[in-house]
Amino acid sequence: MIRIAQLSCGTEYSGIQFEIEKAARSVGAKIVYPDVSAEDINEAVDRFGFDPKSPQLKLMIARAVQLADDRYDADAVFITTCFRCAEASLVRNELRRFIQENTRLPVVTYSFTERLKSSQLLTRMEALVTIVERKDLLSRTRQTGLTAGLDSGSSTTKAVIMKDNKILGKSWASTGDVVQSATTVLKEAMEQADVKPKDIEAIGTTGYGRFTLGKYFNAKLVQEELTVNSKGAAWLAGKQSGEATIIDIGGMDNKAITVRDGIPDNFTMGGVCAGASGRFLEMTAKRLRINIADLGSYAVKGNWINAKMNSYCSVFGIQDLVTTLGEGKPFEDVAAAACHSVAEQVYEQQLQEIDVRHPIIQVGGTSLNAGLVKAIGEILGEPPIVPPDSQYIGAVGGALLSSGFL
């Protein structure tokens, strides 16, 4: 059984410890707690160079030192603290960095609320288990045979047909009925590739509808999107060796993933509000009465400084939008401000939970928005790499990894 070492503060008092352990059990893992003594705690705090007020934060530090010194056996690390506590946020991020500098254990960090449910942690726990159990599979750098990948996302469903490390066919459609959407795009991708269903040797599914599609299509691979997307992104960008950071701003949530040789070792996902996701860009385009595909070209021509949007909330963000339009601001400036707002929130929410490595690879459907790509580049100080077919990362990753079962 995969052992996930938990470094946490406040999970017992908030009543969510059961949910954490339930999420781990659901993916075949076990939450464990490194053993420490009072003397270990004092020594660890001195070594760490920061003496927090909370005894539980001190315990977190001591447990991290046990892992760093290889005095406790674990396969992965889950670091979590209450999102309301500034001191805990500081310790959480520094411990994540400390673990990564001193071990090769995959790490995920999370700030919880008292309403946390195990389902919210499922993808994160599943990704940790996948990284540990399927490292050989994730290290694949080439696709072999004739395989298909299906990515059932919150906004769109994508399909890719690959053969011998080449994309032969691809298709996407808005997600409606999960199976019907996948069936449609798979059929279109196969027609483009000029292959028949009987020719497909393996199928890989990912995304929110992965389990439903995995059962329906008898898939060889059914895997969460964090590892699959990172694999697809690294393959498309030609960065399967060395380090990189992958940014995927989705329709409902965002992902920031650091990889070494194409294998994730730290990731964060989610967001405070849809104001930090592609959904806000859709709302902006609708309010401007332009096609979402045209929003990026408007934004590239505009200046976000002329129409600032400072809200983390999509509702208040739209209020800012209405106000700036009422002031007579050009559509170009408003579009640029919307893109900059999303990029800024991704930076403040997701990218503070990882150490950004170079190069930066931006993927997903929103990577086709030139205004958002420009905004990410301005905030990070360098333009990100947007590989060809960047919106197909999940489907490509599914097709690539499923070939490992042939």
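The structure presented is a predicted model; accordingly, all values stated were derived computationally and were not measured.

K.L.:
Mind laying out helix α6 (residues 118–133), listing which residues take part and the relevant values?
P.N.:
Helix length check: α6, at 16 residues, gives a terminal C-alpha distance of 21 Å against a target of 22 Å (1.5 Å per residue), a fit within 8%. Remark: the principal bend of α6, roughly 25 degrees, maps to Arg124. For α6, the complete set of buried residues consists of Ser118, Leu121, Thr123, Arg124, Met125, Glu126, Ala127, Leu128, Val129, Thr130 and Ile131.

K.L.:
How would you explain the packing of helix α14 (residues 331–349) against helix α15 (residues 370–380) if you had to name every residue and give the values?
P.N.:
Put simply, α14 and α15 touch, their axes get as near as 8 Å, and they point 45 degrees apart. With respect to their mutual orientation, α14 and α15 come out oblique. Where α14 crosses over α15, the handedness of that crossing is right-handed. Counting all contacts with α14, which are made through Cys339, His340, Val342, Ala343, Glu344 and Tyr347, the residues of α15 involved are Gly371, Leu372, Ala375, Ile376, Glu378, Ile379 and Leu380. Here the residues of the contact of α14 with α15 are counted per class, giving 9 nonpolar, 2 polar and 2 charged.

K.L.:
Outline the environment of Arg260, listing residues and values.
P.N.:
Locating Arg260 in the fold gives a position in strand β11 (residues 254–260). Between the C-alpha atoms of Arg260 and Glu243, which are 17 residues apart in sequence, the distance is 4.6 Å.

K.L.:
Run through the sheet that holds strand β3 (residues 76–82), naming residues and quoting values.
P.N.:
Taken together, the 8 strands give an open sheet; going across it, the order is β2-β1-β3-β4-β12-β11-β10-β13, and neighbouring strands pair in mixed fashion. Sheet topology places β2 (29–32) and β13 (360–363) at the edges, where each strand pairs with a single neighbour. On average, each strand axis in the sheet is inclined to that of its neighbour by 20 degrees, with strand direction left out of account. Sheet analysis places strand β10 (residues 243–249) next to β13, joined by 4 bridges and oriented parallel.

Conventions adopted
Residues numbered from 1 in each chain as written. Predicted model: local features only at pLDDT ≥ 70, side-chain atom pairs only at ≥ 80, totals over all residues. Heavy atoms only, no water. Helix = DSSP H or I, 4+ residues; strand = E, 2+ residues; numbered from the N terminus. Expected span 1.5 Å × (residues − 1). Bend = angle between axes of the 7 residues up to and from the residue. Buried < 20%, exposed > 50% of the residue type's maximum accessible area, 1.4 Å probe, protein only. Axes fitted to C-alpha atoms, helices over the stretch in contact; angles between N-to-C directions. Parallel < 35°, antiparallel > 145°, perpendicular 65-115°, else oblique. Left-handed = near helix turned anticlockwise from the far one by under 90°. Contact = heavy atoms within 4.5 Å. Nonpolar A, V, L, I, M, F, W, Y, C, P; charged D, E, K, R; others polar. Pairing = 2+ DSSP bridges.

On their own, these measurements won't tell you what the molecule is for.
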